Amino acid sequence: MSKPEYVELPILDISQPLQPSSLASLSKACKDWGFFHIINHGISKDLCSQMHYLSKILFSLPSEAKLKLGPFSSIKSYTPHFIASPFFESLRINGPDFYVSAKSSEDILFDKQNYKFSETLQEYCSKMAYLSEKILKLVLMSLEDGFEKLFYDSEFSKCHGYLRINNYSAPESLEDQVEGLGMHTDMSCITILYQDEIGGLQVRSHEGKWIDISPSEGTLVVNIGDMMQAWSNDKLRSSEHRVVLKQPVNRFSLAFFWCFEDEKVVLAPNEVVGEGNKRTYNPFVCSNYLKFRENNQKGRFEKVGYTVKDFAGIKSQL
Ligand SMILES: O=C(O)CCC(=O)C(=O)O
Ligand SMILES: [Fe+2]
């Protein structure tokens, strides 16, 4: 397999108003890669360490305990190994009341011990929800100055978030490169990702090359999801990405997805399409796309019509 190349994605200091040059690099990164980094985001190192600590406790529970939250339980917050990959398992915490969601899993997982599980998750998720709103406004601004004022309240004020705590177990053999999470696009508007220091996240270039998105302390990764790609009439890119496991160690990540409400009709406003440009998507209801993806989950991404383009894209007539 050829060595992945390197891409320099912008690192935005989001504690400061963005300068025109940063907005320009954000705009380019969202169009070319759909990925960028943020720093000074207000998520402390301490909070990330606490999340890591809780994740270790949670995923080291016996399978029987975790499966009480599994696909065949009423709560369904746990995805066991062998669904996404043999190495991947995750726990989902839903908004808008992250505390209640975390507590319902906590009560089933742990007897009476108090690890401050739900409090910590609530703190992390509410900070992520706040950050998502802020970043979405910057992304709108990067499309065109004034779009955040024009569209944020009317189109994005009912967005909601959920967190996936992802655990990748250490592969035994590294002879072939091991896929921890196969190629996919996110269904969100945007995703904010914390990855530990192990590395392995890769984004696919337009030419189909896999490029490493290396971890860096204090930095979060942001990526554009399918909903924003459709809403922006393809001006923002929802890139395929995956996780490869290159070291014989456990890997941990936190993916926070900021999504449209289920009943939202996703349709790029005329101003976003721009005069003289063709629409690239038919309008669709958000939840119908989510169902479409669920039904295709077992299909191989490369072979089966699987993305928002396959679902609602308008085929160009050549
Ligand atoms: O674990 C990672 O770094 C990426 C996870 C991811 O892409 C996802 O959960 O959608
Ligand atoms: Fe993803």
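In this text, all values refer to a predicted model and were calculated from it rather than measured experimentally.

**As for the coordination of the iron ion (ligand 2)**
Bound to the iron ion (ligand 2) on the protein side are His184 (NE2), Asp186 (OD) and His241 (NE2), at distances that span 2.1 to 2.2 Å. Summarised as a motif, the one-chain spacing of the donors to the iron ion (ligand 2) is H-x1-D-x54-H. With histidine 184 in strand β6 (residues 178-184) and histidine 241 in strand β11 (residues 241-245), the pair connects residues that are 57 residues apart, well separated along the chain. No difference in accessibility class separates histidine 184 from histidine 241, as the two residues are buried.

**Brief notes about the site of ligand 1**
Around ligand 1 lies a shell of 14 residues, among which Arg164, Tyr168, His184, Arg251 and Ser253 are the nearest. A distance of 3.2 Å separates an oxygen atom of ligand 1 from a polar side-chain atom of asparagine 166. The separation between an oxygen atom of ligand 1 and a polar side-chain atom of histidine 184 is 3.1 Å. Here ligand 1 loses 98% of its free accessible area of 300 Å² to cover by the protein chains. Listing elements by their share of the shell around ligand 1, those giving two or more residues are β5 (160-168), β6, β11 and β12 (251-259). Looking at the shell around ligand 1, the element that brings in the most residues is β12, giving 4 residues. Residues of the shell around ligand 1, tallied by class, amount to 7 nonpolar, 4 polar and 3 charged.

**Focus: the packing of helix α5 (residues 117-143) against helix α6 (residues 147-156)**
Running from N to C, α5 and α6 point in directions that differ by 130°, and their axes come no closer than 8 Å. With respect to α6, the axis of α5 lies oblique. For α5 against α6, the interelement crossing comes out right-handed. Across the interface between the two elements, Glu133, Leu136, Lys137, Leu140, Met141 and Leu143 of α5 pack against Phe147, Glu148, Tyr152 and Phe156 of α6. In terms of residue class, the contact of α5 with α6 is made up of 7 nonpolar, no polar and 3 charged.

**A few points about the packing of aromatic side chains**
Summed over the entire model, instances satisfying the criterion amount to 17 aromatic pairs. Centre to centre, the rings of phenylalanine 88 and tyrosine 168 are 5.4 Å apart; their planes meet at 65°, and the pair counts as edge-to-face. Placement of phenylalanine 88 in strand β4 (residues 88-94) and of tyrosine 168 in strand β5 is noted, with a sequence separation of 80 residues between them. Tyrosine 168 shares its class with phenylalanine 88; the two are buried. Ring plane angle 45° and centroid distance 5.5 Å describe the contact between tyrosine 289 and phenylalanine 311, whose orientation is recorded as tilted. Linking tyrosine 289 in helix α9 (residues 286-296) with phenylalanine 311 in helix α10 (residues 308-312), this pair joins segments that are 22 residues apart in sequence. Relative accessible area serves as the criterion here: at 27%, phenylalanine 311 is assigned to the partly exposed category. Through successive ring pairs, a cluster of aromatic residues spans Phe147, Phe151, Tyr152, Phe156, Trp231 and Phe260. Lying across the ring of tyrosine 162, arginine 92 places its NZ or CZ 3.5 Å from the centre.

**Notes on the sheet that holds β11**
If you trace the 4 strands from one edge of the open sheet to the other, you get β6-β11-β8-β9, paired in antiparallel fashion. Each end of this open sheet is capped by a strand with a single partner; those strands are β6 and β9 (210-212). Taken over all neighbouring pairs, the strand axes of this sheet differ in orientation by 25° on average, direction set aside. Strand direction decides the pairing type here: strand β8 (residues 201-204) and β9, joined by 3 bridges, are antiparallel. Within β9, the position partnered with glutamine 202 by the bridge is aspartate 212.

**Digging into the side chain of serine 77**
You can see serine 77 is positioned in the loop between α3 (63-67) and β3 (78-79). Using a relative accessible area of 7% as the deciding quantity, one classes serine 77 as buried. One polar contact links serine 77 to serine 105, side chain to side chain, over a distance of 3.0 Å. Dropping the residues within four chain positions of it, serine 77 is found in contact with Leu69, Ser90, Leu91, Arg92 and Ser105.

**Considering the UniProt feature "domain: Fe2OG dioxygenase" (unreviewed entry) in the protein chain**
What UniProt calls "domain: Fe2OG dioxygenase" (unreviewed entry) maps, in this numbering, to residues 159-261. In residues 159-261, helix accounts for 6% and strand for 47%; the two terminal C-alpha atoms are 6 Å from one another.

What counts and what doesn't
- Residues numbered from 1 in each chain as written.
- Chains lettered and ligands numbered in written order.
- Predicted model: local features only at pLDDT ≥ 70, side-chain atom pairs only at ≥ 80, totals over all residues.
- Heavy atoms only, no water.
- Donors = N, O, S within 2.8 Å, 3.2 Å for Na, K, Ca; no water.
- Helix = DSSP H or I, 4+ residues; strand = E, 2+ residues; numbered from the N terminus.
- Buried < 20%, exposed > 50% of the residue type's maximum accessible area, 1.4 Å probe, protein only.
- Near = heavy atom within 4 Å.
- Polar contact = N/O pair within 3.5 Å; in protein donor to acceptor, adjacent residues only side chain to side chain.
- Areas by Shrake-Rupley, 256 points an atom, 1.4 Å probe, with all protein chains shown as cover.
- Nonpolar A, V, L, I, M, F, W, Y, C, P; charged D, E, K, R; others polar.
- Axes fitted to C-alpha atoms, helices over the stretch in contact; angles between N-to-C directions.
- Parallel < 35°, antiparallel > 145°, perpendicular 65-115°, else oblique.
- Left-handed = near helix turned anticlockwise from the far one by under 90°.
- Contact = heavy atoms within 4.5 Å.
- Phe/Tyr/Trp six-rings, centres within 6.5 Å; stacked < 30°, edge-to-face > 60°.
- Lys NZ or Arg CZ within 6 Å of the ring centre and 35° of its normal.
- Pairing = 2+ DSSP bridges.
- UniProt positions renumbered as here; feature names shortened; annotations may be inferred.

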